[in-house]
Amino acid sequence: MFILKIFFRNALSHRLRTGLTILGITIAILAFGLLRTVAGLWHIGVERSLATRLVTRNAISLVFSLPISYYDRIRQVPGVKSVSYGNWFGGVYIDEKYFFANEAIEPQSFLELYPEFILSDDQKQAFIHDRKGCIVGKKLASRYGWKLGDQLILKGTIFPGQWEFVLRGIFRGAEKSTEERVLFFHWDYLNETLKKTVPRRADQVGFYIIGIDKPEQAAQVSQDVDRLFKNSLAETLTETEKAFQLGFASMTGAIMVAIQIVSYVVIVIIMAVVANTMAMTARERIGQYAIFKTMGFKGYHIAGMVFGESLLISITGCICGILLTFPAGHLFGDLLGDYLPSFEVKQSTIYMDLGFGVLVGIVAGIFPTVRAVKIRIADGLRRIG
Amino acid sequence: MDNSQPQHTVVSIEGVAKSYWRGGQVVPVLEDISLDIERGEFLALMGPSGSGKSTLLNLIAGIDSVDAGSIIVDGVNIVGLDESELADWRAAHVGFIFQFYNLIPVLTAFENVELPLLLTSLSRRERREHVQAALSVVSLQDRMDHYPSQLSGGQQQRVAIARAIVSDPSILVADEPTGDLDRISAGEILGLMGRLNSEFGKTIIMVTHDPRAAEKAHTIRYLEKGVMVDVHP
Ligand SMILES: Nc1ncnc2c1ncn2[C@@H]1O[C@H](COP(=O)(O)OP(=O)(O)OP(=O)(O)O)[C@@H](O)[C@H]1O
Ligand SMILES: [Mg+2]
């Protein structure tokens, strides 16, 4: 109990130094939490995709397309419940800086396969029945202040030209992590226009989406589909949407790995800083620890005092950091809500924060503790005065 | 253990030698020191700077270890004790008074005096009583909630004395207790130590440079380059 009192008061006796050290840890933990949350977002796209959806694309590369004629043949593969298809459109609205995903899809089958895009029935019907209609997610709509019936123009990048759409529906995501910054329109509209302008690019799709009943069928159906088009002009590669997204994510994944590494580096740096502070502190108190020893206090008492102070400082900083991570995360979410699907601090991040808080305290405390415990009393006393 | 020690001898030093390593060289500090101190004695240890007074005091108090010889205090040869045993022994048998008071700055006078008692099995209430008694001996009951920084040097030294006597040790060791005080405060401290010796029968071993301090003592011993000399040179 009294050891508690000692290290508490010792920590408080150097308010400025202790305060600055705590602040340093707080910021480090905050940075760690935010960096990890950003890096973690990358996998949300993967986690949210259903295991009962397969994606079929050109076996050579994502940039090559598949003939629309595959549609009927895929539908006949056993285990296939429904099929949809589409193209990445890559259109730009006003400014490339605010890029959002947009895809040409077959409305009816697509919406059936993606129940997580929640759209009212009349909006759905309005969309399906308007060849130039499009739907957007709620976040995107509010970003630009779009209302139903608005006319939108996208500048095509993959498919050059000005493309006009009429907003027929605004959907919301079933879950927080559902992508709401996206625009869908009729594949038919794209295809018919291409027939007139660039006929050789018509009747091609970028991907087929296949709905299956049970996740267990995924492997078999994938194999069957790919075998169907073996040795044809455009061979296919079918994988679960999850695997597909992982492949997609791995392109930018390297950046996320870098962010993750940086987050650990932050922790290591703060560990060094706290260790230095604790070493300084303990050196200053060598005389005090020698006095305790003189009176008959033992190594473990001294260890408790040094370690306690180190842990007190690091855990206080850690808790402040954790408490700040949530409001800071909200702020980030508000600022970056347009770019990121959601900004939720994961529980695992908090556990890691706590773990690192304790680890920093221990690592920073070890060296000074050993020093303080080992110091010979006569030498320690000699430093006083 | 040596039980041949006569009852009235509380400290018995036999053939003690001590040297330090400095820059790869052995520096002898004490050579073949022998000394008996009787119970109730007030002994002053004098000698030039560097003669080994503090070293000898530290050896008697069990905070440094000898190279050769034996030191028997209250029937226990402390040379044979390991570090942990020695810590327990110090807590029970030795009270320390230093030149720079050596109070813990973050603790009040009361808490400083209470420290040695935290290593005993005394209850909170008993500790409080002991601390108050010790503080009243040094006439500082009214300052018990003050921190060392709020006390004068003389007052701090009195708190240190209260801390040294609170657990009722067999011997009090004092290393230049007046070395950092003005004449008046020094006089007070010496008066107090004299009282501890005469009224409370405490055995005191005091290192000092101050002839006035030495006058208070019954016996004066001189150290000269690590050797006991009988008369003042
Ligand atoms: N830990 C140590 N390492 C090396 N040398 C030491 C150590 N402790 C003491 N000495 C040396 O031992 C000698 C005696 O030191 P000591 O402190 O006992 O002297 P002293 O008589 O108390 O002197 P003063 O009157 O100045 O306090 C000195 O030469 C000192 O430098
Ligand atoms: Mg000395």
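As a reminder, the structure under discussion sits directly above these lines.
(A) Structural detail: the pattern of salt bridges. Tallied over the entire structure, the rule returns 21 salt bridges over all chains. Here Arg158 of chain B ties to Glu188 of chain B by a salt bridge, and the two come within 3.3 Å at their closest N and O atoms. Taken as a pair, Arg158 of chain B in helix 5 (residues 153-165) and Glu188 of chain B in helix 6 (residues 183-198) lie far apart in primary sequence, 30 residues in all. Since its relative accessible area comes to 41%, Glu188 of chain B is described here as partly exposed. The partner of Lys202 of chain B in a salt bridge is Asp168 of chain B, and the shortest N-O contact between them spans 2.4 Å. Of this pair, Lys202 of chain B sits in the loop between helix 6 and strand 8 (203-207) while Asp168 of chain B sits in the loop between helix 5 and strand 7 (171-175), and the two are 34 residues apart along the sequence. We classify Lys202 of chain B as buried; its relative accessible area is 9%. Overlapping salt bridges, with partners in common, bring together Arg376 and Asp379 of chain A together with Lys18 and Asp64 of chain B in one network.

(B) Region of interest: the packing of aromatic side chains. Residue and element names in this part refer to chain A. Under the counting rule described, the total for this entry stands at 33 aromatic pairs over all chains. Between Tyr93 and Tyr144, the ring centres sit 4.9 Å apart and the planes meet at 75°, which makes this aromatic pair edge-to-face. Of this pair, Tyr93 sits in the loop between strand 3 (80-88) and strand 4 (101-105) while Tyr144 is found in helix 6 (residues 138-144), placing the two residues 51 residues apart along the sequence. These aromatic residues form a ring-pair network of at least three members: Phe89, Phe159, Trp163, Phe165, Phe185 and Tyr189. Its end group placed over the ring of Tyr144, Arg143 keeps NZ or CZ at 5.4 Å from the ring centre.

(C) Structural view of the sheet that holds strand 8 of chain B. Residues and elements named next belong to chain B. Read from one edge to the other, the open sheet built from six strands follows the order 6-7-8-3-9-10, with strand pairing classed as mixed. Among the strands making up the open sheet, the edge pair consists of strand 6 (94-97) and strand 10 (227-229). Strand-to-strand twist in this sheet, taken as the mean axis angle between neighbours without regard to direction, amounts to 25°. In terms of strand pairing, strand 6 meets strand 7 through four bridges, oriented parallel. Considered in strand 7, the bridge of Val94 is made with Ile171. Here helix 1 (residues 53-60) sits on the sheet and contacts strand 3 (42-46), strand 7, strand 8, strand 9 (219-224) and strand 10; the angle it forms with strand 7, its principal contact strand, is near 155°.

(D) Here's a closer look at the interface of chain A and chain B. On the chain B side, the residues contacting the 22 residues of chain A number 27 residues. Overall, the association of chain A and chain B removes approximately 2,000 Å² of surface from exposure, summing both partners, and the carbon and sulfur fraction of that is 65%. Linking chain A to chain B there are four salt bridges. In this structure, the salt-bridge partner of Arg9 of chain A is Glu111 of chain B, at a minimum N-O distance of 2.6 Å. Summed over the shared surface of chain A and chain B, the number is eight residue pairs in polar contact (both at pLDDT 80 or more). Mapped by element, the contributors of at least two residues to the side of chain A that touches chain B are helix 1 (2-13), helix 10 (286-294) and helix 13 (377-382) of chain A. Take the side of chain A that touches chain B: its biggest share by element is six residues, from helix 1 of chain A. Its residues assigned to classes, the side of chain A that touches chain B comprises ten nonpolar, seven polar and five charged.

(E) Representation of unusual backbone geometry within the structure. All names here are of chain A. Located in the positive-phi region is Asn231, a residue other than glycine, with phi close to 65°. Positionally, Asn231 belongs in the loop between helix 8 (218-228) and strand 12 (236-240). With relative accessibility at 69%, the residue Asn231 sits in the exposed group.

(F) Focus on the side chain of Thr26 of chain A. Residue and element names in this part refer to chain A. Take Thr26: it is sitting in helix 2 (residues 15-48). Given the relative accessible area of 7%, Thr26 is considered buried. Residues in contact with Thr26, not counting those within four places in the same chain, are Gly317, Cys320, Gly321 and Leu324.

Here is what the cut-offs are and how they apply
Residues numbered from 1 in each chain as written. Chains lettered and ligands numbered in written order. Predicted model: local features only at pLDDT ≥ 70, side-chain atom pairs only at ≥ 80, totals over all residues. Heavy atoms only, no water. Salt bridge = Lys/Arg side-chain N within 4 Å of Asp/Glu carboxyl O. Helix = DSSP H or I, 4+ residues; strand = E, 2+ residues; numbered from the N terminus. Buried < 20%, exposed > 50% of the residue type's maximum accessible area, 1.4 Å probe, protein only. Phe/Tyr/Trp six-rings, centres within 6.5 Å; stacked < 30°, edge-to-face > 60°. Lys NZ or Arg CZ within 6 Å of the ring centre and 35° of its normal. Pairing = 2+ DSSP bridges. Axes fitted to C-alpha atoms, helices over the stretch in contact; angles between N-to-C directions. Contact = heavy atoms within 4.5 Å. Buried area = accessible area lost by both parts, 1.4 Å probe. Polar contact = N/O pair within 3.5 Å; in protein donor to acceptor, adjacent residues only side chain to side chain. Nonpolar A, V, L, I, M, F, W, Y, C, P; charged D, E, K, R; others polar.

Coordinates in, geometry out; function isn't part of it.
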